[in-house]
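Remarks on the overall topology
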Amino acid sequence: GVVPMNTWIYVYNPYATNAMFANTWFHFNAAGIMETGYHWYQSADGNWRLFYLHEGADGYRGRMYMNETIPDGNYADANGFIYINGIRAVKVSFS
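This structure is a prediction, so every number in the text was calculated from the model and none was measured.

**Focus: the overall build of the protein**
Across its full length, the protein holds zero helices and nine strands. Counting helices and strands in the order they occur from the N terminus, the protein gives β-β-β-β-β-β-β-β-β. Computed over C-alpha atoms, the radius of gyration of the protein comes to 14 Å, within 12% of the 12 Å expected from 2.2 N^0.38 for 95 residues, which places it in the range of a compact globule. Expressed as lengths along the three principal axes of its C-alpha atoms, the size of the protein is roughly 40 × 30 × 20 Å. When burial is assessed residue by residue, the protein has 35% of its 95 residues classed as buried. At a minimum sequence separation of 6, the contacts of the protein that also span at least 24 residues come to 39%. Of the roughly 5900 Å² of accessible surface on the protein, 56% is carried by carbon and sulfur atoms.

In structure tokens:
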């Protein structure tokens, strides 16, 4: 098969026991390794967005948090963008 590298993929997670998370987004780095924790990714508008990818080894590892509170109390919206103290985390790129 093809190893996903430096990309997001939306896939069925056969290890998920909660149907809500059975199909979800995962990110793989340039080496093809699934990422976990907080990561900045550049969006189509050129700005950098902060995302949280599940860290637990419980069948949900690597899934992007969406529409929910993440373990440290911050919030991920429907697009997976992280809000810290109610403010969306964004790094702006200046040319």
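**Focus: the sheet that holds strand β4 (residues 48-53)**
Taken in spatial order, the three strands make up an open sheet running β3-β4-β9, and their pairing is antiparallel. Taken across any chain shown, the strands that pair with only one partner, and hence form the sheet edges, are β3 (37-42) and β9 (90-91). Strand direction decides the pairing type here: β4 and β9, joined by two bridges, are antiparallel. Across the sheet, the residue bridging to Trp-48 is Lys-91, located in β9.

**Overview of the packing of aromatic side chains**
Tallying each qualifying case throughout the model produces seven aromatic pairs. Ring centres 4.9 Å apart and planes at 70° place the aromatic pair Trp-8 and Tyr-41 in the edge-to-face group. Here Trp-8 is found in strand β1 (residues 7-12), whereas its partner Tyr-41 is found in strand β3, with 33 residues between them in sequence. Among the residues examined, Trp-8 registers a relative accessible area of 26% and is labelled partly exposed. Assessed through its relative accessible area of 10%, Tyr-41 is described here as buried. The interplanar angle of 75° and the centroid separation of 5.1 Å between the aromatic rings of Tyr-52 and Tyr-65 together place this pair among those described as edge-to-face. Note that Tyr-52 is positioned in strand β4 and Tyr-65 in the loop between β4 and β5 (68-69), a separation of 13 residues in sequence. Of the two residues, Tyr-52 and Tyr-65, neither departs from the other in class, the shared state being buried. Chaining the aromatic ring pairs together yields one cluster made of Trp-8, Tyr-41, Phe-51 and Phe-81. Sitting above the plane of the Phe-81 ring, Arg-49 keeps its charged end 5.0 Å from the centroid. One Lys or Arg, Lys-91, reaches over the ring of Trp-48 and ends 5.6 Å from the middle of that ring.

Criteria and cut-off values
- Residues numbered from 1 in each chain as written.
- Predicted model: local features only at pLDDT ≥ 70, side-chain atom pairs only at ≥ 80, totals over all residues.
- Heavy atoms only, no water.
- Helix = DSSP H or I, 4+ residues; strand = E, 2+ residues; numbered from the N terminus.
- Rg over C-alpha atoms; globule rule 2.2 N^0.38 Å.
- Buried < 20%, exposed > 50% of the residue type's maximum accessible area, 1.4 Å probe, protein only.
- Contact = heavy atoms within 4.5 Å.
- Areas by Shrake-Rupley, 256 points an atom, 1.4 Å probe, with all protein chains shown as cover.
- Pairing = 2+ DSSP bridges.
- Phe/Tyr/Trp six-rings, centres within 6.5 Å; stacked < 30°, edge-to-face > 60°.
- Lys NZ or Arg CZ within 6 Å of the ring centre and 35° of its normal.

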